[in-house]
Amino acid sequence: MSTLRDHPSESGASGRHPNAERARRADTTDPGEADRPRRRYAVVGLSNRGVASFVRPLLGVSDSGAGEDATLGYGADADDFSGHGELVAVLDVDRARAGAFAATILPPGHPDVPAYAPEQYGDLLRWTRPDAVIVTSPDHTHARYIVEALKHGVDVISEKPMVATAADAARVLEAERESAGTVRVTHNLRYTSRHRQIKRMVLAGAIGRPLHVNLDYHVDIRHGASYFLRWNRERANSGGLTIHKSTHHLDLISWWLADAPSTVYAVGGRDYYGPGSPHRPDAASPAQVRERDPYYQAQRGSGTFPDGAGETRRGLFDLPYEVQYPAGRDLYLYDDEIDIEDHVAALLTFERGATAAYAVDFSSPWEGYRATLTGTHGTIEMFTGRTPDGEALPGSGQVVHRPLFGPAEVIDIESVSGGHDGADPLMRRDLFVGPDAESVALGLGASAREGALAVAAGEAIWRSIGEGRILSIAELLNGEYS
């Protein structure tokens with residue numbers, strides 16, 4: 001039986017294991033799992049996230065790479081799930097990237113893993129007979145791969161966002177309803193220790209009936225700028241950041257409330273990036289713009305900005321992006337094709353009467369968020385933040401419970417290592433081994449319906465900004481709401 005590998009202790013003389021929670025969750029494996037056959041997985045999209053967070057753990061690859069990922073946030077860890085799952089195929093539009101994957105990521109002696117092109121997806125499903133498909137391709141391609149897998153009765157694990165439009169979300173829900181297969185969405189923010197602590201408190205009645213959530217989220221100049229140097233910057237590819245990124249946050253709010261969003265009203269715009277940015281240098285050539293750009297100057301050596309367009313851009317593990325980012329194509333922060341918002345503020349209502357105020361910007365001096373959950377009997381408050389260089393801001397990481405009639409309680413949350421504040425190892429265990437008792441009790445796994453609601457709420461935000469009106473989630477999901 002394969003289990004999560006322990007890491008050497010980093011706690012000095014005390015011997016206290018910094019990954020105690022991860023070890024505890026791993027030890028809950030049912031002894032009967034040793035007799036279960038390994039599931040067969042196909043990975044669609046050899047993205048940084050796909051390779052780091054899913055492919056390598058399935059292959060049992062645990063050498064260099066996790067540390068390299070630490071500042072990039074793609075969820076790489078030394079987890080080994082090769083005893084529970086078998087990688088039987090990959091698919092990617094970039095043949096050079098697929099070839100480099102086979103040459104450098106597959107461990108020595110591992111059987112060949114066939115690589116398919118998008119037009120060969122039907123062949124992949126028929127010939128390799130996966131039990132589940134893991135979809136980690138660009139957002140706008142998700143719907144096609146999910147729906148086709150469901151037509152073949154194959155389970156799907158979809159990277160968030162599940163799809164890029166509410167219309168595609170409705171298609172997925174219809175396809176799942178008619179299929180023997182199911183869809184799970186990797187909303188990993190549910191798994192971080194502080195968010196699980198808040199969920200436990202809400203379930204225990206710490207604030208009575210929840211009335212309102214306020215989530216004020218900031219993405220720093222390094223992380224935020226990176227979206228505008230990639231495919232995410234065009235709505236046709238990503239649905240915009242209110243879908244690609246905000247579905248994380250919108251799902252978290254809905255999960256805390258155990259409720260579905262009903263209406264959305266939002267304001268926002270594009271005021272940091274794009275051709276109208278106040279930060280765009282007055283320069284004649286692209287090279288001059290780059291050298292005089294305050295974003296570039298503030299982040300020299302961070303790896304955020306590609307080294308020009310002279311060579312094909314390369315991602316994690318030195319895999320090339322010859323199709324997405326070929327040599328000669330220079331994407332920059334102020335290009336005309338940028339058509340998505342870079343800051344929004346929204347008011348959401350929920351089916352059972354709660355409300356939420358949500359704001360996010362993608363050009364902040366710090367990364368993190370403030371969250372307050374208000375109920376009939378008190379509040380739960382949380383703050384977490386760090387500088388672009390990773391330095392924690394004062395007060396970061398605490399959860400404060402303030403009963404309406406009593407003293408406040410400060411709850412320190414233990415730091416857990418692993419991708420996305422320890423969320424990814426726990427989520428992978430649920431996906432590849434099975435949910436443990438806590439996962440079931442807290443509802444940590446996200447369903448296709450929950451993925452669809454997050455996408456519809458994200459689309460409602462950008463549509464509300466453009467149309468200046470309140471949007472209905474049921475309207476966007478075309479009857480697939482309930």
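Residues numbered from 1 in each chain as written. Predicted model: local features only at pLDDT ≥ 70, side-chain atom pairs only at ≥ 80, totals over all residues. Heavy atoms only, no water.

It is worth spelling out the pattern of salt bridges at this point. A side chain with one charge can pair with a side chain of the opposite charge if their charged atoms come near. Taken as a whole and judged by the stated rule, the model has 26 salt bridges. Between Asp424 and Arg49 there is a salt bridge, with the nearest N and O atoms lying 2.9 Å from each other. Residue Asp424 is located in helix α14 (residues 419-432), and its partner Arg49 is located in helix α2 (residues 48-59); the two are separated by 375 residues in the primary sequence. The closest approach of N and O atoms between Arg469 and Glu475, which form a salt bridge, is 3.3 Å. One network of salt bridges, with partners in common, ties together Glu459, Arg463, Glu467, Arg469 and Glu475. (Salt bridge = Lys/Arg side-chain N within 4 Å of Asp/Glu carboxyl O. Helix = DSSP H or I, 4+ residues; strand = E, 2+ residues; numbered from the N terminus.)

Let us look at the sheet that holds strand β6 (residues 183-185). Read from one edge of the open sheet, seven strands run β3-β2-β1-β4-β5-β6-β15, paired in mixed fashion. Each edge of the open sheet is held by one strand with a lone partner, namely β3 (115-116) and β15 (446-447). In this sheet, β6 lies alongside strand β5 (residues 155-158) in parallel orientation, the contact comprising three bridges. For Ile157, the partnering residue across the bridge sits in β6 and is Arg184. (Pairing = 2+ DSSP bridges.)

A separate point is the sheet that holds strand β13 (residues 398-403). The strands that make up a sheet pair up through hydrogen bonds in the backbone, lying either parallel or antiparallel. Taken in spatial order, the nine strands line up as β14-β13-β12-β11-β7-β10-β9-β8-β16 in an open sheet, and their pairing is mixed. Edge positions in the sheet fall to β14 (409-412) and β16 (471-472), since each has one partner strand and no second. As paired elements, strand β11 (residues 367-375) and strand β12 (residues 378-386) share nine bridges and run antiparallel to each other. Among the inter-strand pairings, Tyr369 is bridged to a residue of β12, identified as Thr384. Of the strands in this sheet, β7 (210-220), β11, β12, β13 and β14 are in contact with helix α7 (residues 193-203), which crosses β12 at around 180°. Each of β8 (261-269), β9 (343-350), β10 (355-364) and β16 touches helix α16 (residues 448-467); the most contacted strand, β8, lies at about 45° to it. (Contact = heavy atoms within 4.5 Å. Axes fitted to C-alpha atoms, helices over the stretch in contact; angles between N-to-C directions.)

Looking now at the environment of Gly268. Take Gly268: it is sitting in strand β8. Each C-alpha atom of the pair Gly268 and Ala359 lies 9.2 Å from the other, and the pair is 91 residues apart in sequence. The residues touching Gly268, leaving out its near neighbours within four places in the chain, are His343, Val344 and Ile465.

A cis amide bond, omega -10°, links Lys160 with the succeeding residue Pro161. Considering the arrangement of structural elements, one finds Pro161 in the loop between β5 and α6 (166-177). One non-glycine residue, Ala258, lies in positive phi territory at about 50°. One non-glycine residue, Phe317, lies in the positive phi region at around 60°. Structurally, Phe317 can be placed in the loop between α13 (294-298) and β9.

Turning next to the pairing of β8. Sheet topology note: the β8/β9 ladder contains eight bridges and is antiparallel. Pairing of Pro261 across the sheet is with Phe350, part of β9. Of the strand pairs in this sheet, β8 and β16 are connected by two bridges, and their pairing is antiparallel. Residue pairing across strands places Val264 opposite Leu471, the latter belonging to β16.

Taken together, the side chains of Tyr265, Val267 and Ile470 present a nonpolar region at the surface, about 280 Å² in accessible area. Mapping Val267 onto the fold places it in strand β8. (Patch = residues over 30% accessible without salt bridge, like charges linked within 9 Å, V, L, I, M, F, W, Y side chains within 5 Å. Areas by Shrake-Rupley, 256 points an atom, 1.4 Å probe, with all protein chains shown as cover.)

So, about the packing of aromatic side chains. Within the structure shown, the criterion is met by 13 aromatic pairs. Between the aromatic rings of Tyr272 and Tyr273, the centroid separation amounts to 6.4 Å while the plane-to-plane angle is 55°, which identifies the pairing as tilted. Its relative accessible area of 1% is what places Tyr273 among the buried residues. One aromatic cluster is present, formed by Phe228, Tyr272, Tyr273 and Tyr295 through successive ring pairs. (Phe/Tyr/Trp six-rings, centres within 6.5 Å; stacked < 30°, edge-to-face > 60°. Buried < 20%, exposed > 50% of the residue type's maximum accessible area, 1.4 Å probe, protein only.)

Right, let's get into the nonpolar core. Across soluble globular proteins, nonpolar side chains have a tendency to be buried as a group. Met162 and Leu333 are the most contacted members of the largest nonpolar core, which has 128 residues in total. In terms of residues, this core owes the most to one element, α16, which gives nine residues. With sequence-adjacent residues up to four places away left out, Leu333 is seen in contact with Ala225, Phe228, Leu229, Tyr273, Gly274, Asp293, Tyr295, Phe305 and Ile338. (Core = buried A, V, L, I, M, F, W, Y, C linked by side-chain atoms within 4.5 Å.)

What follows deals with the environment of Arg463. Topologically, Arg463 is positioned in helix α16. Taking relative accessible area as the criterion, Arg463 reaches 28% and is therefore assigned partly exposed. The sequence separation of Arg463 and Ala266 amounts to 197 residues, and the corresponding C-alpha distance is 8.4 Å. Among residues more than four places away in sequence, those in contact with Arg463 are Gly468, Leu471 and Leu476. A polar contact is formed between the side chain of Arg463 and the side chain of Glu459, at a distance of 2.7 Å. (Polar contact = N/O pair within 3.5 Å; in protein donor to acceptor, adjacent residues only side chain to side chain.)

Confidence in the prediction of the protein chain, expressed as mean pLDDT, is 88, and 88% of residues score 70 or more. Low pLDDT, under 50, characterises residues 1-29; the predicted model gives this stretch 60 contacts beyond four residues in sequence or across chains. Note on residues 64-72: pLDDT under 50 across the span, and 15 contacts to partners over four residues away in sequence or across chains. (pLDDT = per-residue confidence, 0-100.)

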